[in-house]
Amino acid sequence: MLEKVNGIVKVNQNSRYVVFLFDTYEMNRKMLQDRFVKGESTWYTDEKGTGDDGKVFYRIAKDGEWIEAEYVDFIQMTD
């Protein structure tokens, strides 16, 4: 399931760590070995996807890079 959102996600891991990104939120997702974000960084997001397995992801790049919701805190932006 895909839904539109308007917000910021802040990586809830320590800045010494990185969180790897995925190519999609759907169950056939693949981890992008060379794409990651640093802990404590913030990113704009416009889509939230929930796979058939129940895992939730936020899209943080227009070219389809997704971060798992358990590693971020979502902050809603007002219009």
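The structure under discussion appears in the preceding block.
From a predicted model like this one, the values you see are computed outputs, not experimental measurements.

About the cut-offs
- Residues numbered from 1 in each chain as written.
- Predicted model: local features only at pLDDT ≥ 70, side-chain atom pairs only at ≥ 80, totals over all residues.
- Heavy atoms only, no water.
- Helix = DSSP H or I, 4+ residues; strand = E, 2+ residues; numbered from the N terminus.
- Rg over C-alpha atoms; globule rule 2.2 N^0.38 Å.
- Buried < 20%, exposed > 50% of the residue type's maximum accessible area, 1.4 Å probe, protein only.
- Contact = heavy atoms within 4.5 Å.
- Areas by Shrake-Rupley, 256 points an atom, 1.4 Å probe, with all protein chains shown as cover.
- Lys, Arg positive; Asp, Glu negative; His and termini not counted.
- Charge placed at Lys NZ, Arg CZ, Asp CG, Glu CD.
- Salt bridge = Lys/Arg side-chain N within 4 Å of Asp/Glu carboxyl O.
- Pairing = 2+ DSSP bridges.

A.B. asks: What is the right way to read the overall build of the protein chain from this model?
C.D. replies: Along its length, the protein chain carries 0 helices and 7 strands. Reading the protein chain from its N terminus to its C terminus gives the helix and strand order β-β-β-β-β-β-β. Taking 79 residues into account, the globule formula puts the C-alpha radius of gyration at 12 Å, and the protein chain, at 12 Å, falls close to it. The 79 residues of the protein chain split such that 39% are buried. Long-range pairs, those at least 24 residues apart, make up 60% of the contacts in the protein chain with a sequence separation of at least 6. Working note: accessible area of the protein chain is about 5000 Å², and carbon and sulfur atoms make up 50% of it. The centroid of the 11 positive side-chain charges in the protein chain is displaced by 4 Å from the centroid of its 15 negative side-chain charges.

A.B. asks: What am I meant to see in the pattern of salt bridges here?
C.D. replies: Close approach of charged atoms lets side chains of opposite charge pair. Counted under the stated rule, the structure contains 7 salt bridges. Lys4 serves as the salt-bridge partner of Glu47, at 3.0 Å between the closest nitrogen and oxygen. With Glu47 in strand β4 (residues 42-50) and Lys4 in strand β1 (residues 2-11), this pair connects stretches of sequence that are 43 residues apart. Here Lys55 ties to Glu68 by a salt bridge, and the two come within 3.3 Å at their closest N and O atoms. Of this pair, Lys55 sits in the loop between β4 and β5 (56-61) while Glu68 sits in strand β6 (residues 65-68), and the two are 13 residues apart along the sequence.

A.B. asks: Looking at this structure, I do not really get the environment of Val18. What am I missing?
C.D. replies: Tracing the backbone through its elements, the reader meets Val18 in strand β2 (residues 18-22). The class for Val18 is partly exposed, based on a relative accessible area of 38%. In this structure the C-alpha to C-alpha distance between Val18 and Ser41, which are 23 residues apart in sequence, comes to 9.7 Å. Here Val18 is in contact with Phe36, Val37 and Lys38, once residues within four sequence places are set aside.

A.B. asks: Mind showing me how you'd approach the pairing of β4 here?
C.D. replies: Two faces make up the sheet, and in a regular strand the side chains alternate between them. Two elements, β1 and β4, share 7 bridges in a ladder whose sense is antiparallel. When the sheet's bridge partners are listed, Glu3 is paired in β4 with Lys48. Pairing between β4 and β5: 4 bridges, direction antiparallel. Paired with Thr50 across the bridge in β5 is Val56. Joining the antiparallel neighbours β4 and β5 is a turn of 5 residues, in which Gly54 adopts a positive phi near 90°.

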